[in-house]
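Coordinates in review
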Amino acid sequence: MKTICLVGCGKMGSAMLSGWHKDSGLRAEFHVIEPLGPAHNDRPGTFFYAAPEALPTDFSPDLVVLAVKPQMMKEALSGLARVGNGKTCWLSIAAGLSTSVLGSFLGRPARWLRAMPNTPAAIGQGISALYANADVPEDLTALSEQLLSACGPVVRLEDEVLMNAVTALSGSGPAYVFLLTEVMAAAGERLGLESRLSYKLARQTVSGSGALMAADSQPASVLRENVTSKGGTTAAALSVLMNEGRMQQLFDEALAAAARRAEELDTQG
């Protein structure tokens, strides 16, 4: 049985912990560092602590999962100086912080993994990218993948440099979809629809289209073509959105900006 320490039990951490308890194939003992933890201590095999100092002496879990925000990571790791040994692996889900920066925060050699999940993980519909340094044993990489898969599919990365691109695409991606819903609803209002009605139509159209794409194995381009009749209303709208690659150019610029910001966060440490 593996011992896993979860640091941070906010929305993402709570979503992961809930998924872990539903996984009948996961044999593990969980230790959770969370200030309000004792109020939630009702799950067998799970132990909550208000601070790292409350952990058992010489606590050396197999894996430490860091579910804290990037700006809180340095403080969180400084409080975990006595946790773990040379075999303990550390998995961070914070955006923009490389394993080298994370190692400098911890202040001692350690085995590091990084993952980039996204917010649909809260309902088990997320996707995560996982990177493991070369010194991480395969069984701990596989365990990390199993833990992340509780919140949706997992893809592995061979090069940590790609993590910034993943952050720009899928990590930040849900916000782009939510923005699409907003602008569609606003456009509907300008055509005369009442505000609440326009928003309801836009929201269900976006969420329903996502569900259709998830249920249909055809590429998104084929699904788009399936609803686009030659000379019809959809074709008229797409001729504006796709004119001279304007939408592609906008997303190219947007994702490049997100990737640059991820690089800046790592540099700032």
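The following paragraphs examine the structure supplied in this document. (Residues numbered from 1 in each chain as written. Predicted model: local features only at pLDDT ≥ 70, side-chain atom pairs only at ≥ 80, totals over all residues. Heavy atoms only, no water.)

**A few points about the packing of aromatic side chains**
All chains considered together, the criterion is met by 3 aromatic pairs. Ring plane angle 35° and centroid distance 5.8 Å describe the contact between tryptophan 90 and tryptophan 112, whose orientation is recorded as tilted. One end of the pair, tryptophan 90, is in strand E5 (residues 89–92); the other, tryptophan 112, is in strand E6 (residues 111–116), with 22 residues separating them in the sequence. You can call tryptophan 90 buried: its relative accessible area is 0%. In this structure tryptophan 112 comes out as buried when scored by relative accessible area, which is 2%. Taking the centre distance of 6.1 Å and the plane angle of 80° together, the rings of tyrosine 176 and phenylalanine 251 count as edge-to-face. Taken as a pair, tyrosine 176 in helix H6 (residues 173–190) and phenylalanine 251 in helix H10 (residues 246–268) lie far apart in primary sequence, 75 residues in all. Since its relative accessible area comes to 23%, tyrosine 176 is described here as partly exposed. (Phe/Tyr/Trp six-rings, centres within 6.5 Å; stacked < 30°, edge-to-face > 60°. Helix = DSSP H or I, 4+ residues; strand = E, 2+ residues; numbered from the N terminus. Buried < 20%, exposed > 50% of the residue type's maximum accessible area, 1.4 Å probe, protein only.)

**Comments concerning the pairing of strand E4 (residues 63–66)**
Side chains Leu63 and Val65 of E4 all project onto a buried face; the interleaved residues Val64 and Leu66 project onto the opposite face, where all are buried too. As defined by bridge partners, E4 adjoins E5 across 4 bridges and the pair is classed as parallel. Across the sheet, leucine 66 pairs through a bridge with serine 92, a residue of E5. Crossover E4 to E5 through helix H2 (residues 70–78) is right-handed. (Pairing = 2+ DSSP bridges. Right-handed = clockwise from strand over helix to strand, strands pointing away.)

**With respect to helix H7 (residues 195–215)**
Helical periodicity: at 3.6 residues per turn, an α-helix aligns residues three or four positions apart in one direction. Relative to the 30 Å expected for 21 residues at 1.5 Å per residue, H7 spans 30 Å between its end C-alpha atoms, a close match to the ideal helical length. Every buried residue of H7 is listed here: Ser198, Ala202 and Val206. Buried positions in H7, seen along its axis, are confined to an arc of 60° and lie on one side of it. Of the exposed residues in H7, the ones pointing more than 90 degrees away from its buried face are Arg196, Lys200, Arg203, Gln204, Ala214 and Ala215. Those residues of H7 that are buried lie in contact with H6. Two or three places before arginine 196, at the start of H7, stands the capping residue glutamate 194, its side-chain oxygen 3.1 Å from that residue's backbone nitrogen. (Expected span 1.5 Å × (residues − 1). Arc of directions from axis to C-beta. Contact = heavy atoms within 4.5 Å. Polar contact = N/O pair within 3.5 Å; in protein donor to acceptor, adjacent residues only side chain to side chain.)

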